[in-house]
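The residues making up each chain are set out below.
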Amino acid sequence: MKITDIRFGMLKVPLKTPFKTALRTVNQVEDIVVMVHTDSGHVGYGEAPATAVITGDTHGSIVDAIRHYIAPRLIGQDVAELNRLTRAIQGSVEKNTSAKAAVEIALYDLWGQLYGAPLYKLLGGGDPVITTDITISVDYIDKMVADSVAAVERGFESLKIKVGKDIGVDIERVKAIYAAVEGRALLRLDANQGWTAKQAVYALQTLEDAGIKLELVEQPVKARDLDGMRYVTERVHTPIMADESVFGPMEVIELIRLRAADIINIKLMKTGGISNAIKIADIAALHGVDCMIGCMLETSISVAAAVHVAVAKADAITKVDLDGPSLCAFNPVDGGVIFNESEISVTDAPGLGIRAIHGLEPLES
Ligand code: MG
């Protein structure tokens, strides 16, 4: 199975409700879909969103990096040489992690198709059913409480609450939501870099003193402020998770060495794809550090890849935040991973099992 061509499409899917964090507001998913064609007629699918404020990747940079740096190293190569090809992708260009992720996802999809097995089985197997949380966007307190109660009624048992706007209001937000769903759902907070280290300690100690138990708090401080992250981790009981602070395996090693956080959020768009996500899960497992697997605003192409990784690496990846598909107004993909609100299950279809993508607009190759 030799790679013959790489083509691009644009996939746009409206969100059920606007996605609001401390960094941005988004109304629809607009992702680049990557199609890797082969001489056997098999096509592998990958996907990447533009998340300029986090990874620096834009639609233009994703397509350009693939077209001019990644594709030339893959055309004519054999899919069976997976490890050599993932090294070629990672070494093709600095950064550009979303572009690398999209191509790696398509390549692993083809690798599964080559051997006629779902990806998670080739990655070592596992229980093909996982449970995800859902994001509650940052908003007025009443709106966040209503959204949280609605999510619990839809069956979600973990809520990821976006905060990080105004420390006083953030504390009131969490108290109100906790009171509304107590005993029915676990709360995860995501501050998206919105607090200083001292503000984070103040907010979390205030919440702890009020008897509010949080499962974790994600990225309280600026991405580059590892000292600040460690300052918070040392001073609160609530587990602290690093998201924007860690992209690849080297940064994870540094974070663990500094004991700057308790948990690591793995996202394929930060790691540059599946090969590094596996490395991070293995490094974390060696150190007894838990991981979450998350996603950007992605549909069920690239999120399916994250699901396969989560299933195969469930010993290290104990928390799942793969709510991209359930935030979308509809699922544009007929595929091998079934997204049913909080429950995600994987079929035995080879690779990622993607049969059709509805509404895909071709981009010039
Ligand atoms: Mg986050």
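Cut-offs applied
Residues numbered from 1 in each chain as written. Predicted model: local features only at pLDDT ≥ 70, side-chain atom pairs only at ≥ 80, totals over all residues. Heavy atoms only, no water. Pairing = 2+ DSSP bridges. Helix = DSSP H or I, 4+ residues; strand = E, 2+ residues; numbered from the N terminus. Axes fitted to C-alpha atoms, helices over the stretch in contact; angles between N-to-C directions. Contact = heavy atoms within 4.5 Å. Core = buried A, V, L, I, M, F, W, Y, C linked by side-chain atoms within 4.5 Å. Buried < 20%, exposed > 50% of the residue type's maximum accessible area, 1.4 Å probe, protein only. Domains from an automatic or database assignment. Donors = N, O, S within 2.8 Å, 3.2 Å for Na, K, Ca; no water. Right-handed = clockwise from strand over helix to strand, strands pointing away. Salt bridge = Lys/Arg side-chain N within 4 Å of Asp/Glu carboxyl O. Buried area = accessible area lost by both parts, 1.4 Å probe. Polar contact = N/O pair within 3.5 Å; in protein donor to acceptor, adjacent residues only side chain to side chain.

**Structural notes on the sheet that holds strand 15 (residues 343–346)**
Alright, step 1. What the 3 strands build is an open sheet, ordered 4-15-14; its pairing is antiparallel. Edge strands, defined here as strands with exactly one partner in the open sheet, are strand 4 (129–131) and strand 14 (337–340). Put simply, the sheet's adjacent strands are angled 20° from each other on average, direction ignored.
Alright, step 2. The sheet contact formed by strand 14 and strand 15 spans 4 bridges and is antiparallel. Within the sheet, the bridge partner assigned to phenylalanine 339 lies in strand 15 and is isoleucine 344.
Alright, step 3. This element, helix 12 (residues 302–312), spans strand 4, strand 14 and strand 15 of the sheet and lies at about 100° to strand 14.

**Looking at the nonpolar core**
Alright, step 1. The biggest cluster of nonpolar side chains holds 131 residues, and the ones touching the most others in it are Leu159, Trp195, Ile264, Val307 and Leu322.
Alright, step 2. Considering each element in turn, this core owes the most residues, 10 residues, to helix 3 (residues 97–115).
Alright, step 3. In terms of domain composition, this core takes at least three residues from each of domain 1 (3–116) and domain 2 (121–356).
Alright, step 4. Sequence-distant contacts of leucine 159, that is, excluding residues within four places in its chain, are made with Asp133, Ile134, Ile136, Ser148, Ala151, Val152, Val181, Ala185, Leu186, Leu187 and Arg188.

**What about the coordination of the magnesium ion?**
Octahedral metal centres with six donors ideally show angles of 90 or 180 degrees, and tetrahedral centres with four donors ideally show 109.5 degrees.
Alright, step 1. At this site the magnesium ion is bound by Asp190 (OD), Glu218 (OE) and Asp243 (OD), with donor distances of 2.2 to 2.3 Å.
Alright, step 2. Read N to C, the donor residues that coordinate the magnesium ion are spaced as D-x27-E-x24-D. Of this pair, aspartate 190 sits in strand 7 (residues 186–190) while aspartate 243 sits in the loop between strand 9 (240–242) and helix 9 (249–258), and the two are 53 residues apart along the sequence.

**Quick notes on the pairing of strand 10 (residues 263–267)**
Alright, step 1. Most of strand 10 sits out of view: 5 of its 5 residues are buried.
Alright, step 2. Of the two faces of strand 10, the one lined by Ile263, Asn265 and Lys267 and the one lined by Ile264 and Ile266 are each fully buried.
Alright, step 3. A crossover connection joins strand 9 to the parallel strand 10 through helix 9; in handedness this β-α-β unit is right-handed.
Alright, step 4. Inspection of the sheet shows strand 10 paired to strand 11 (residues 290–294) by 5 bridges, in the parallel sense. Within strand 11, the position partnered with isoleucine 264 by the bridge is cysteine 291.

**Here's the deal with unusual backbone geometry**
Alright, step 1. Positive phi is not limited to glycine here, since asparagine 192 has a value of about 45°.
Alright, step 2. The topology assignment puts asparagine 192 in the loop between strand 7 and helix 7 (197–209).

**Observations concerning the pattern of salt bridges**
Alright, step 1. Applying the stated criterion across every chain, the model contains 19 salt bridges.
Alright, step 2. The partner of aspartate 133 in a salt bridge is arginine 188, with the nearest N and O atoms 2.8 Å apart. You can see aspartate 133 sitting in the loop between strand 4 and strand 5 (134–136) and its partner arginine 188 sitting in strand 7, a full 55 residues away along the chain. Across this residue pair, the class does not change: aspartate 133 and arginine 188 are buried.
Alright, step 3. For the salt bridge of lysine 162 with aspartate 190, the shortest nitrogen-to-oxygen distance reads 2.8 Å.

**Comments concerning the domain arrangement of the chain**
Alright, step 1. Each domain of the chain was delimited in the assignment, giving domain 1 (3–116) and domain 2 (121–356).
Alright, step 2. Domain 1 and domain 2 are separated by 22 Å when their C-alpha centres are compared.
Alright, step 3. At the interface, 39 residues of domain 1 touch 45 residues of domain 2.
Alright, step 4. Carbon and sulfur atoms supply 69% of the area that domain 1 and domain 2 bury against each other, a total of about 3500 Å² over both sides.
Alright, step 5. Viewed at the interface, domain 2 and domain 1 are joined by 1 salt bridge.
Alright, step 6. Note that aspartate 139 and lysine 20 form a salt bridge whose closest N and O atoms lie 3.1 Å from each other.
Alright, step 7. At the junction of domain 1 and domain 2, the tally comes to 16 residue pairs in polar contact (both at pLDDT 80 or more).
Alright, step 8. Of all elements in the fold, only strand 1 (3–20), strand 2 (25–38), strand 3 (43–49), helix 2 (82–90) and helix 3 reach the threshold of two or more residues within the side of domain 1 that touches domain 2.
Alright, step 9. Of the residues forming the side of domain 1 that touches domain 2, the biggest block, 12 residues, is contributed by helix 3.

**Side note on the environment of isoleucine 105**
Alright, step 1. Inspection of the secondary structure puts isoleucine 105 in helix 3.
Alright, step 2. Taking the C-alpha atoms as reference points, isoleucine 105 and glycine 46, 59 residues apart in sequence, are found 4.9 Å from one another.
Alright, step 3. What isoleucine 105 contacts, discounting residues up to four positions off in sequence, is Tyr45, Gly46, Glu47, Leu268, Met269, Ile274, Ser302, Ala305 and Leu352.

**A closer look at the pairing of strand 1**
Alright, step 1. Examined bridge by bridge, strand 1 and strand 2 share 13 bridges and lie antiparallel to one another. Pairing of lysine 20 across the sheet is with threonine 25, part of strand 2.
Alright, step 2. Connecting the antiparallel pair strand 1 and strand 2 is a turn made up of 4 residues.
Alright, step 3. In the sheet, strand 1 pairs with strand 17 (residues 361–363) via 3 bridges, with the strands oriented antiparallel. Bridged to methionine 10 within strand 17 is glutamate 361.

**Considerations on the sheet that holds strand 17**
Alright, step 1. Strand order across the open sheet formed by 4 strands is 3-2-1-17, with antiparallel pairing between neighbours. Taken across any chain shown, the strands that pair with only one partner, and hence form the sheet edges, are strand 3 and strand 17. This sheet shows a mean twist of 30° between the axes of neighbouring strands, independent of strand direction.
Alright, step 2. Docked against the sheet, helix 3 engages strand 1, strand 2 and strand 3, running at close to 155° with respect to strand 3.

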